[in-house]
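# Geometric and topological summary
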Amino acid sequence: MTSIVTGAAGFIGRALTSALLASGSPVVAIDRLAVEERPGLTVLTADLLDLEPGAFSGADAVYHLAGCAGVRDTDPGIAWRRHRDNVLAGARVLALTPPGVPLLITSSSSVYGGASHGRPSAESDPVRPIGGYATSKAALERLCLDRPDVTIVRPFTVAGEGQRPDMALSIWLRAAQEGRPLRMLGSLDRTRDVTDVRQAARAMIELIGAPGIVNLGTGRGHTLRAMAEAVATVTGACLTFDVVPAPPDEPGDSLADTRRLHSLLGWTPRTDLLDLVRRQQLLTCSPP
Ligand SMILES: NC(=O)c1ccc[n+]([C@@H]2O[C@H](COP(=O)([O-])OP(=O)(O)OC[C@H]3O[C@@H](n4cnc5c(N)ncnc54)[C@H](O)[C@@H]3O)[C@@H](O)[C@H]2O)c1
């Protein structure tokens, strides 16, 4: 049972690759960034858009995690990179995956545009993408309309060891360690549904093959204050905050309706914030 993982050099891709290898499944890791060689792992360092037809033949399952992941990136050229790596690369993966081979595509909870009035976002809700990242993920989902067999996963915030350096907990851990104030967008009372990366990886392995859209979250919101307190406990730092206005495309709250996830898995991810932040502190990634 050979699995292809695209985006295998990334935060979730590394955790998924480790989980698949631990379960005894050989993995072909595809990323344009280097992936460390390991027993059971075949590494293909390439851009998805450069792959030849037939590149996925021999795969028994394809997990597509590659993408341009930053929500708040304002670099020049970001609109094109999002289109290229989220939409065009997704189209290439759909074309390369042979019919009948289970394919899991990673979208994002950002397509919901946030949870309104604390109500969890359900897969049947209309999508309301706000901003370029969410819009590119909604476009990726539309590409799958012709392939109803595809599993489309909408992860909410994923955290844990190796989290991307541009994500809030990573930024706050670095700030706390360096004695700087924690920069908070909007209000400390905003909430995020945070999933442990290990459970996200396990869930993806169990979800592949289930057709349609499924949220990947816990159904529980953590305030930014609670997340910051976990950073304070783990680092021993005395925190100060720099609260700045949230950008207009920043959802106030995010919360997953986990009923479909639970019905497919038979379990729901649960997050131990302190354990998560502790593990994340031990393996933090530096900005490039
Ligand atoms: N981390 C989260 O909280 C979160 C939440 C919702 C959705 N997602 C989605 O999950 C996926 C993985 O997220 P992540 O946090 O691990 O991101 P990441 O940036 O750490 O990993 C993405 C990887 O994809 C690779 N990549 C991008 N475009 C490529 C291309 N054209 N060819 C080859 N490789 C390419 C990058 O080199 C990178 O290693 C992304 O699609 C992201 O949008 C992540």
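We now turn to the structure provided with this report. (Residues numbered from 1 in each chain as written. Predicted model: local features only at pLDDT ≥ 70, side-chain atom pairs only at ≥ 80, totals over all residues. Heavy atoms only, no water.)

## Brief notes about the pattern of salt bridges
Applying the stated criterion across every chain, the model contains 21 salt bridges. Across the pair Arg32 and Asp85 runs a salt bridge, and its minimum N-O distance is 2.6 Å. Residue Arg32 is located in the loop between strand 2 (27-31) and strand 3 (41-45), and its partner Asp85 is located in helix 2 (residues 78-96); the two are separated by 53 residues in the primary sequence. Classification of Arg32 by relative accessible area gives partly exposed; the value is 45%. What makes Asp85 buried here is its relative accessible area of 7%. For Arg81, the salt bridge goes to Asp73, with nearest N and O atoms at 3.3 Å. Residue Asp73 is classed as partly exposed on the basis of its relative accessible area of 25%. (Salt bridge = Lys/Arg side-chain N within 4 Å of Asp/Glu carboxyl O. Helix = DSSP H or I, 4+ residues; strand = E, 2+ residues; numbered from the N terminus. Buried < 20%, exposed > 50% of the residue type's maximum accessible area, 1.4 Å probe, protein only.)

## What about the site of the ligand?
Close contacts around the ligand come from 28 residues, with Ile12, Asp31, Tyr133, Val158 and Arg164 the closest. Note that a nitrogen atom of the ligand is positioned 2.9 Å from one of the backbone N or O atoms of Leu48. Relative to its unbound accessible surface of 820 Å², the ligand loses 93% to contact with the protein. For the shell around the ligand, the elements supplying multiple residues, two or more each, are helix 1 (11-22), helix 2, helix 3 (132-143) and strand 7 (157-159). A per-class count over the shell around the ligand returns 14 nonpolar, seven polar and seven charged. (Near = heavy atom within 4 Å. Polar contact = N/O pair within 3.5 Å; in protein donor to acceptor, adjacent residues only side chain to side chain. Areas by Shrake-Rupley, 256 points an atom, 1.4 Å probe, with all protein chains shown as cover. Nonpolar A, V, L, I, M, F, W, Y, C, P; charged D, E, K, R; others polar.)

## Considerations on the sheet that holds strand 10 (residues 212-216)
As summarised here, the arrangement of the seven strands in space is 3-2-1-4-5-6-10, forming an open sheet in which the pairing is parallel. Both edges of this open sheet fall to strand 3 and strand 10, since each of them pairs with a single strand only. Between one strand axis and the next, the sheet turns by 20 degrees as a mean value, whatever way the strands run. Bridge count for strand 4 (residues 61-64) against strand 5 (residues 103-106) is three bridges, and the pairing is parallel. Paired with Tyr63 across the strands is Leu104, a residue of strand 5. In the packing of helix 1 onto the sheet, contacts are made with strand 1 (3-6), strand 2, strand 3 and strand 4, and the angle to strand 1 comes to roughly 165 degrees. (Pairing = 2+ DSSP bridges. Axes fitted to C-alpha atoms, helices over the stretch in contact; angles between N-to-C directions. Contact = heavy atoms within 4.5 Å.)

## A closer look at helix 5 (residues 197-207)
Each α-helix winds once per 3.6 residues, and so residues spaced three or four apart point in a common direction. Turning to helix 5, its buried residues number three or more, namely Val197, Ala200, Ala201, Ala203, Met204 and Leu207. In an axial view of helix 5, the angular spread of the buried residues amounts to 165 degrees, which keeps them on one side of the axis. Among the residues of helix 5, the N-terminal cap falls to Asp196, whose side-chain oxygen and the backbone nitrogen of Arg198 are separated by 2.9 Å. (Arc of directions from axis to C-beta.)

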